[in-house]
Amino acid sequence: MIDIIPLLILTPLLWASLAFLFGPVWGARQAIAGITLQVVLAVMLAENVSGGALRTHAAGGWEAPLGITLSADGLGATMLLLTQVVALPLAFYAEAYFSRHRDGSDTFWPLAGYLLAGMNALFLSADVFNLYVTLELVGLAAVGLVASGGSAHSVAAALRYLFATLLGSGAYLLGVALLYAAYGTVSLAELTSLVSEAAPTATLLAALLMLTGMAIKTALFPFHFWLPPAHGGAPAPVSALLSALVIKASFYLAVRLWLTLFLPLVTPVSAQLFGVLGAAAICWGSVIALRQTRLKMLIAYSTVAQIGYLFLFFPLATDTAPDAVQSALQGVTLHAFSHGFAKAAMFAAAGAVILSTGHDRIGQLGGISAHMPLTVFTLAIAGVSLMGLPPSAGFLAKWLLIDSAIASGQWWWILVMIAGGLLTAAYVFKVLRHAFLRAEQSVTFRPLPRMAEWPAFLLALASLALGGRATEVLNLLGAP
Amino acid sequence: MKLLPRLGVTAVFAVLAAVLVHAVLNLPEPAVRLGGAVDKALGQSGVSHPVTAVLLNFRGYDTLLETAVLLLALIGVLTASGQVPGSMRRLPSTPHAFLQSLARLVSPLMVLAAGYLLWAGSHRPGGAFQAAAVLAAGIILLYLAGLLPANAASTSSLRAGLLAGFLIFLALAAAPLRNGALLQYPVEMAGALILLIESGLTLSLALTLAGLFLCLPDEFEEEDD
Amino acid sequence: MTPGLLFALTGIALFACGAAGVILAPHLLRKIISFNVMGSGAFLVLVGLAQRDGGVDAVSQAMVLTGIVVSIAATALALALARRLLNQCGEMRFPAETPDD
């Protein structure tokens, strides 16, 4: 059914607008209804494209290059599924969170709705200029969400994020301009067929600009400076959305461009550069995470580190054996999934801690194991997935990446991944250790609504259970 | 920022600019020329100006998303200033009488100009965005002249006005889905549908653009963090 | 040297200056203006190069119109946030980095 593709974009646009019209109370209900529908649509689309099929939709009835083409393949359908499935529990969680914590509740639902619409539009777009518009939609929505925290800290973090994201999309736009000048079209399919190894300098520059732009937007080391304050300082449901989902959108675009448009142009050297930056992110991010004193900042730096794993895709999939490429793509996609579930769970759990105790200082987490056992369990399970312990999906993802490293003869990445796993274990255990201490006298624990804890727990369980059901996700991915 | 990083950044961008210049001066002929395709399809688009045809028909999906971006920015501005729409900033000082008379004279003309731009978009440069910009400027002029009442509209009707254009666009985007593609106008109705969309957009975008200015945070409010 | 090509070269210069300004300028308003200059540069390159042979290209003009609207949206958001920061911190600069407490 071709109609699913536009519906995935129109649905969130509709409920986001209605949420703005009717206010936050109705907004939550409309959001939950809308996202539920989106989950169903994403599953239907996934079934449609499994096994390597491709579904396209010509917006306006005009075929490319005159019109804009929307298309869904295995990779896009997978990302869409991840987005909707993580968004649904987070919607329930956000409703509970904002019933207690008023800051930012007024505009959360419209902003989140436009964010989801932008992400769906991004995963479905096959037109490089349209991708620019979707990038801005996602970016501005995310900035608005970060700013909704209200404090000077949040506003400064939002501004830093805004400038970083604008630099990234500005670079991307210049790349689009060069491509249009060189080839006369902005349709991804047509451009892919036109770009060859003998491409003019303009195409090479376009590749450099667009990939650098995506690196900035994904907070790859050394462009990561904007992420910790933005993800750490935002309200917990926002942090969860940003770390679990938004950061994957620009990474997806980098992979898409690398595998389709710029495939004739990529060199092993540039791929290794991405890998080196990824390795630096893993090590640097994990070390800084260890030194944090606040839970949400620790989790934010953990995101910086985990993003590094994603960028190991590039050296593992460029100019290597086909099964190395396949393992690399599967590993990275599974990592995006497991990290999405686990990170959303962790931020939601941190938010629950804040709701209950009023703070998130790690040193004073004592007692939450007795008063909020479900939340501690959530943190532990999510940590298992982040560390890459079996049987979680995180383990399977790292296994696939190591497999790819062996198949392509690049054993040095294995060392990096092992180091990353050890450092991750260190900061996860740091949190858990404090959680199991006895409570200090001065801390009071407010009881939590059920919806403040259960969505996080379910997300963490999903990251664990996905390890067993991963074959379905990988089948969906099909051949790149 | 210290001197060495500043020099480094400047050097990087200077090199980038030089390489870009070289690349641009050595561009080949493009393989695809869209101008011909646009001219061929212009007859079915419902308008006679190619830019409007591209904006509202061939690449109308881009316009749909960009309207969402603008609405989103307004919501972001409202978030940043902690205001509800409908309550505007205080004027810094009493407006001069000359400004008030001028505003009274000029604002009906601006409405007229906006209406003309909207209608003219079908066969010459113009259209919804240009008309909305003029209309928004008129609203801001009235505000600066102190002629806009403090609570010009109730919150809900203002929100409805902001969203009306976008919702009309969304409805017309979804309607053809039953037996066609997103935003696929039937050829005989294309011109009328485009006009309908543009009218709705003009109103909503005018309110949005005016709101982007009028709802900025007030200056020097004492705020404790 | 056609007019289109001249516009494109100007656009390159503007883009480079604007991007450098976003990174280097300490005052928030200058960062915002720099970002606008950068965006305008990219638009000039898009529309200049598309019409470098002297013709008229409707698609690139429409794309630039879209881009300008998106740019306005981003600028407005940036200004609102900068104003809010001014109210909260007293000056139009990023507050000095505080170590996490």
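Residues numbered from 1 in each chain as written. Chains lettered and ligands numbered in written order. Predicted model: local features only at pLDDT ≥ 70, side-chain atom pairs only at ≥ 80, totals over all residues.

**Concerning the interface of chain C and chain A**
Between chain C and chain A, the residue contacts involve 30 residues of the former and 26 residues of the latter. Looking at the side of chain C that touches chain A, the elements that each hand over two or more residues are helix H1 (3–24), helix H2 (28–50) and helix H3 (58–89) of chain C. Counted by class, the side of chain C that touches chain A contains 22 nonpolar, five polar and three charged residues. (Contact = placed C-beta atoms within 7 Å. Helix = DSSP H or I, 4+ residues; strand = E, 2+ residues; numbered from the N terminus. Nonpolar A, V, L, I, M, F, W, Y, C, P; charged D, E, K, R; others polar.)

**Section: the interface of chain A and chain B**
Between chain A and chain B, the contact holds 49 residues from the first and 48 residues from the second. If you list the elements that add at least two residues to the side of chain A that touches chain B, you get helix H1 (4–22), strand E1 (55–59), helix H4 (105–124), helix H5 (128–147), helix H6 (152–183), helix H7 (188–194) and helix H8 (201–217) of chain A. In terms of residue count, H5(A) provides more of the side of chain A that touches chain B than any other element does, ten residues in total. A breakdown of the residues in the side of chain A that touches chain B according to their chemical character gives 32 nonpolar, 14 polar and three charged.

**As for the pairing of strand E2 (residues 68–72) of chain A**
All names here are of chain A. When you tally the buried positions in E2, you get five out of five residues, the bulk of the element. The side-chain alternation of E2 yields two buried faces, one formed by Ile68, Leu70 and Ala72 and the other by Thr69 and Ser71. Pairing of E1 with E2 involves five bridges; the strand directions are antiparallel. Each residue of the ladder has a partner; that of arginine 55, found in E2, is alanine 72. (Buried ≥ 20, exposed ≤ 12 C-beta atoms within 10 Å, placed from the backbone. Pairing = 2+ DSSP bridges.)

**Some details on helix H8 (residues 190–214) of chain B**
In a regular helix each residue adds 1.5 Å, so 25 residues correspond to 36 Å; H8(B) covers 35 Å between its end C-alpha atoms and thus fits that length. Where burial is concerned, most of H8(B) is hidden: 18 out of the 25 residues are buried. (Expected span 1.5 Å × (residues − 1).)

**Focus: the environment of Leu118(B)**
Looking at the secondary structure, you find Leu118(B) in helix H5 (residues 97–120). Spatially, the C-alpha atoms of Leu118(B) and Leu201(B) are 9.9 Å apart, while their sequence positions differ by 83 residues.

**Re the packing of H5(A) against helix H10 (residues 236–261) of chain A**
Residues and elements named next belong to chain A. For the pair H5 and H10, the least separation of the axes is 11 Å and the interaxial angle reads 160°. In terms of axis orientation, H5 runs roughly antiparallel to H10. The crossing of H5 and H10 is left-handed. Packed against H5, whose contacting residues are Leu131, Val138, Ala142, Leu145 and Val146, the element H10 presents Val238, Leu242, Val246, Ala249 and Leu253 at the interface. Here the residues of the contact of H5 with H10 are counted per class, giving ten nonpolar, no polar and no charged. (Axes fitted to C-alpha atoms, helices over the stretch in contact; angles between N-to-C directions. Parallel < 35°, antiparallel > 145°, perpendicular 65-115°, else oblique. Left-handed = near helix turned anticlockwise from the far one by under 90°.)

**Some thoughts on unusual backbone geometry**
Residue and element names in this part refer to chain A. Omega for the bond connecting phenylalanine 221 with proline 222 falls within 30 degrees of zero, at 0°, which places this linkage in the cis form. Looking at the element boundaries, proline 222 is found in the loop between H8 and helix H9 (227–233). Between proline 390 and the following residue, proline 391, the backbone shows a cis peptide bond with an omega angle of 0°. Here proline 391 is to be found in the loop between helix H16 (373–387) and helix H17 (393–407). Even without glycine at this site, alanine 219 takes up a positive phi of about 60°.

**With respect to the environment of Thr69(A)**
Counting through the fold element by element, Thr69(A) comes out in strand E2. Each residue touching Thr69(A), except ones within four places of it in the same chain, is listed here: Thr56(A), Ala58(A), Ala64(A), Ala126(A), Asp127(A), Ser187(A) and Ala189(A).

**Considerations on the confidence of the model for chain B**
Keep in mind that low pLDDT regions are not for reading the predicted coordinates in detail. Chain-level pLDDT for chain B is 86 on average; 90% of the residues reach the 70-or-more range. Taking the mean pLDDT of every element in chain B, the minimum, 86, falls on helix H2 (residues 34–41) of chain B and the maximum, 93, on H5(B). (pLDDT = per-residue confidence, 0-100.)

**Some words on helix H4 (residues 60–81) of chain B**
The end-to-end C-alpha distance of H4(B) is 32 Å, a good match for the 32 Å that 22 residues give at a rise of 1.5 Å each. Once H4(B) ends, the next one or two residues include Gly82(B), with phi positive near 60°.

**Some remarks on the nonpolar core**
Soluble globular proteins tend to pack their nonpolar side chains together in the buried interior. Counting residues in hydrophobic clusters, the biggest one holds 324 residues, and the most contacted among them are Leu137(A), Ala348(A), Leu77(C) and Leu81(C). Of all the elements, H6(A) adds the most residues to this core, at 23 residues. With near-sequence residues (within four places) excluded, Leu81(C) lies in contact with Ala147(A), Val155(A), Ala158(A), Leu159(A), Leu162(A) and Ala80(B). (Core = buried A, V, L, I, M, F, W, Y, C linked by C-beta atoms within 7 Å.)

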